[in-house]
Every structure is written in C-alpha cells, then in structure tokens.
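Residues per chain are reported as follows:
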Amino acid sequence: MAFDVARVRAAYPALTEGFAHFDGAGGTQTAAVVVEAVAGAMRAATGNRSTAFLPGRRALDLVAGARAAVADLLGAQPSGVVLGPSATALTYTLARTLGAGWRPGDEVVVSRLDHDANVRPWVQAAQASGATVRWAEFDPATGELPAGQYADLVTERTRLVAVTAGSNAIGTVPDVAAIAKTAHAAGALVCVDGVHSVPHGPTDLASLGADFLVTSAYKWSGPHLAAMVADPARWEVLRPAKLVPSADAVPDRFEYGTPSFPLLAGVTAAVDHLAGLDPEATGDRRERARAGLAAAQAHEEAVFDRLLAGLADRPFVTVYGSPARRCPTVSFRVAGAAPAHTAAALGEAGLCLSHGDYYAYEYFEGMGLRGSGGAVRASVYHYNTVDEVDRLLAELDRLAGPGGRMIR
Ligand SMILES: Cc1ncc(COP(=O)(O)O)c(C=O)c1O
C-alpha cells in the first residue's frame, strides 16, 4: 500500500501552522485523536481510582486501557506495563531497585552511544552499590555499536547490560538481539532504551531479547508519558522503594503517586492512531499497529534517503556516522557555523531542528564535539515529506551562500 502522507498529515492539527518538524526525535506533534481523547477524559466526570463510583471506575479503565495499548504496541502483556512520567524517571526507578541488590565486584555494562537516560541511572546505581561500570564503545567513523565487543565486556559478574535500540543522535540501530544473547548467556539482565526506535517501526519485546524496554509516548504522537515493559514475572521478584499503603501488586508497585488519567487516555489514542496508519491493515490492534508502523517506516526511509543524499551532496555539510541499520535521524554540522547558529537560522525559516548533544552526552563527548556545541539534528517522522526535505536543503544552501560558507 502506498503511504498516504497527505491523509496522515491531516490527522495532526499542529501541522497547519506551517513549520517543518525535523525534531520528532525530541518530541513529535500530537495527533488529533490524542487531543480529543485527553480533552474528553478531562471533560468527563473522573475521580481517583475507586470501584465504588462510576467516575472512579473510569480512572481504573483509563489505566487499564493505556496498559493494554502499550502492550499491543510492544508485544508485551498489559500486566507487565509500568506507566510513568518519563523514560528517565522509569529507568531511575529500575536502576535504584536493581542496584540495591548489587555488591562490590558486580558489573554493569553501559554504552557510549546511548542517551544519558540509559547511562547515568546505571552508573549512579553502580556507584552507590560499589559495582563496576564497563563501557561499550561506538565506532567513531561509522557510528556503529559493534555487538562483538560484548563478548569481552560481559562476564559472569555482569548483572545488567543497558543498551539503546536506536541512537537519538545518529540513528544507529545496534544488534540488540545479539547483545542480549551474550548478556543472557552470562545470566545478566538487559534494559533496552526504545525511546528513539519505537516510533520508527514495529517493535517486539521478545525478539529484541529485552528484559526491560522503555518507550515515551510523546515520541509517537502521544502525550508526555512513558512506559517500561517486562514480563510480569520479572517485575514480580523486584521490590522498589515505595509508600506503605500504595498498591503492592505488579505492575502498580513500580508506579509513584496518582497518574495523569487524562493523559493516559491520550496514550491509548496514540496507539490507536499508529494502528490506523495503514488503512488497509486488518487483524487486532497489535497487528494493525505493526502494519501501520511498517508502512510509516517505508515512507520515512524514502524521505530520509533524500535528506541523506542531499546532505552528502553539500561539501559544506559534515555528517556524523553512517550506520548500516538506522532510524531516520542524522546529526550534522555546517562549515564555519556553530550548531546553535545553524539551528537558529533554520528556525527563522520555519524549519525545526534540535542542536547541541540532545543528552547523547557520551557520544558527543567521545566525538570531541560537546565543547564546540555538538551538532544539528534532523529526524524524520511519518508526517514529514520530500518537499520539506527540499525546503531544508534549499535553506542550507541559502545560508551557506554562493561559496558554500556560512554567513557567520
Ligand atoms: C533515546 C532516548 N532515550 C531516553 C530519552 C528520555 O526520555 P524522557 O524524556 O521520556 O525521559 C530520550 C529523550 O529524548 C531519548 O531520545
């Protein structure tokens, strides 16, 4: 089926403002069905969770609905879906909980390709317990994270391997399944950061080999909420710090305080939106979400190929990394211009691109680019078009001037 990008764009009210959003990696625009679901949940009588009265039962339904939706998106069980305010908060909860059981001499493996949200919580939990941190390195030329190095990094003392399923800086999609196999052979757990990868294609908890997988709904057309999924049996054996009277059952045990019930309605609506991206898809919501994301992925790849080719054609642009398997995300610099200046100049022209390190702290540190402002990032989402790419390339040409040099 040809991906009907015009139809998809019509599902996003914010796109009528005319900006070209190449900042989906930082947060996508919100689908209309999400806005309506959140507003609907706010308009309706809702209480805190209670079985005693209807508004209270609505709150219970909103939580259950969001768990079911996220489970469909990731191939998880609803009772294995922990909901939370952000991927960072959820990863800290898991790191503190697991780290409480670590001892000096235990080891944790993190990667320098990851967003800091899947690095620092583990490093700090290791510091608190006396465990040793070992680092997986990326190849600076290609931006790959070679899976083979984990054979040396993982030992019988490894308790946890944290790795990204998609770099939010340069798009690299590491061979997580191979890394997880190495980790599991040594008895280690694997925490996978799916925040950047999940919006860009079908995801399956089991085939990734992840014990824990985290995603943020605001990267896939939804509200600012996140979820971490695992087999319920994995959660069952863990004891997080928690209030005495709060629910002790899994997955509630890992959730702090009263959730934003209306935003949970938005999470469910966002998954429904993804499940509608391929109007010809049939089957249950999981199957339709997979089909929708596969159709979106093909479209994103076509748009991204044009962007990559256009950047490669311009000698005044330096692109970082060339990973073989990647999400549609690229970091680059324009000769003679600080990334902040490039992004601001593009912003003046209605082109939205992030700049800096976008919390891919270790990557930019390792590349020696942090001190000089990082890079500019263009990420493609399913509502982006080839025309928007051409607009971006034309604006880069205009800013670079006839000699290919930036004005400042
Ligand atoms: C790859 C990746 N991991 C984690 C995060 C953190 O997500 P959150 O803002 O939900 O904490 C981000 C946010 O940009 C990200 O891109």
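Observations concerning the packing of helix α3 (residues 54–74) against helix α11 (residues 285–312)
Working step 1: Look at α3 against α11: their axes get within 8 Å of each other, and the N-to-C directions meet at 55 degrees. The pairing of α3 with α11 is recorded here as oblique in orientation. Along this stretch, α3 crosses α11, giving a crossing that reads as right-handed. Mapping the contact onto sequence places A68, A69, D72, L73 and L74 in α3 and R285, R286 and L293 in α11.
Working step 2: Of the residues that constitute the contact of α3 with α11, the class distribution is 5 nonpolar, no polar and 3 charged.

Comments concerning the site of the ligand
Working step 1: For the ligand, the full set of nearby residues is S86, A87, T88, H115, A117, N168, D193, V195, H196, S216, Y218 and K219.
Working step 2: Contacts to the ligand include Y218, whose side-chain N or O atom sits 2.5 Å from an oxygen atom.
Working step 3: K219 places a side-chain nitrogen or oxygen 2.6 Å from an oxygen atom of the ligand.
Working step 4: Here the ligand, which alone exposes 400 Å², has 89% of that area covered by the protein.

Quick notes on the sheet that holds strand β13 (residues 375–379)
Picture the strands of a sheet paired through backbone hydrogen bonds; they go either parallel or antiparallel.
Working step 1: Read from one edge of the open sheet, 4 strands run β9-β10-β13-β12, paired in antiparallel fashion. Since the sheet does not close on itself, it has two edges, and those belong to β9 (317–320) and β12 (354–356), each with one partner. In this sheet, adjacent strand axes meet at a mean angle of 35 degrees when their direction is disregarded.
Working step 2: Pairing between strand β10 (residues 329–334) and β13: 4 bridges, direction antiparallel. Note that in β13 the partner of T329 across the bridge is S379.
Working step 3: α11 contacts β9, β10 and β13 of the sheet and is inclined by roughly 20 degrees relative to β10.

Things to note about the nonpolar core
Working step 1: Grouped together as the largest cluster of nonpolar side chains are 72 residues, with contacts concentrated most on Y150, V192, W220 and Y363.
Working step 2: Per-element accounting of this core gives the leading share, 9 residues, to α3.
Working step 3: Setting aside its immediate chain neighbours within four residues, Y150 contacts V109, S111, A136, L145, V161, V163, I179 and T182.
Working step 4: Grouped together as the second largest cluster of nonpolar side chains are 28 residues, V110, V119, A126 and A162 included.

Here's the deal with helix α7 (residues 176–185)
Working step 1: Among all positions of α7, only V176, I179, A180 and A183 are buried. For α7, the angular spread of buried residues about the axis comes to 100 degrees, placing them on one side. Among the exposed residues of α7, those oriented more than 90 degrees off its buried face are K181 and A185.
Working step 2: Packed against the buried residues of α7 are α6 (150–153), β5 (158–164), β6 (189–193) and α8 (205–208).
Working step 3: Looking one or two residues past α7, G187 carries a phi angle of roughly 85 degrees, positive in sign.

Things to note about the packing of aromatic side chains
Working step 1: By the definition in use, this model includes 8 aromatic pairs.
Working step 2: An aromatic cluster is present here, built from F138, Y358, Y363 and F364 joined pairwise through their rings.
Working step 3: Between R377 and the ring centre of Y358, over which it is positioned, the NZ or CZ distance is 4.2 Å.

What counts and how
Residues numbered from 1 in each chain as written. Predicted model: local features only at pLDDT ≥ 70, side-chain atom pairs only at ≥ 80, totals over all residues. Heavy atoms only, no water. Axes fitted to C-alpha atoms, helices over the stretch in contact; angles between N-to-C directions. Helix = DSSP H or I, 4+ residues; strand = E, 2+ residues; numbered from the N terminus. Parallel < 35°, antiparallel > 145°, perpendicular 65-115°, else oblique. Left-handed = near helix turned anticlockwise from the far one by under 90°. Contact = heavy atoms within 4.5 Å. Nonpolar A, V, L, I, M, F, W, Y, C, P; charged D, E, K, R; others polar. Near = heavy atom within 4 Å. Polar contact = N/O pair within 3.5 Å; in protein donor to acceptor, adjacent residues only side chain to side chain. Areas by Shrake-Rupley, 256 points an atom, 1.4 Å probe, with all protein chains shown as cover. Pairing = 2+ DSSP bridges. Core = buried A, V, L, I, M, F, W, Y, C linked by side-chain atoms within 4.5 Å. Buried < 20%, exposed > 50% of the residue type's maximum accessible area, 1.4 Å probe, protein only. Arc of directions from axis to C-beta. Phe/Tyr/Trp six-rings, centres within 6.5 Å; stacked < 30°, edge-to-face > 60°. Lys NZ or Arg CZ within 6 Å of the ring centre and 35° of its normal.

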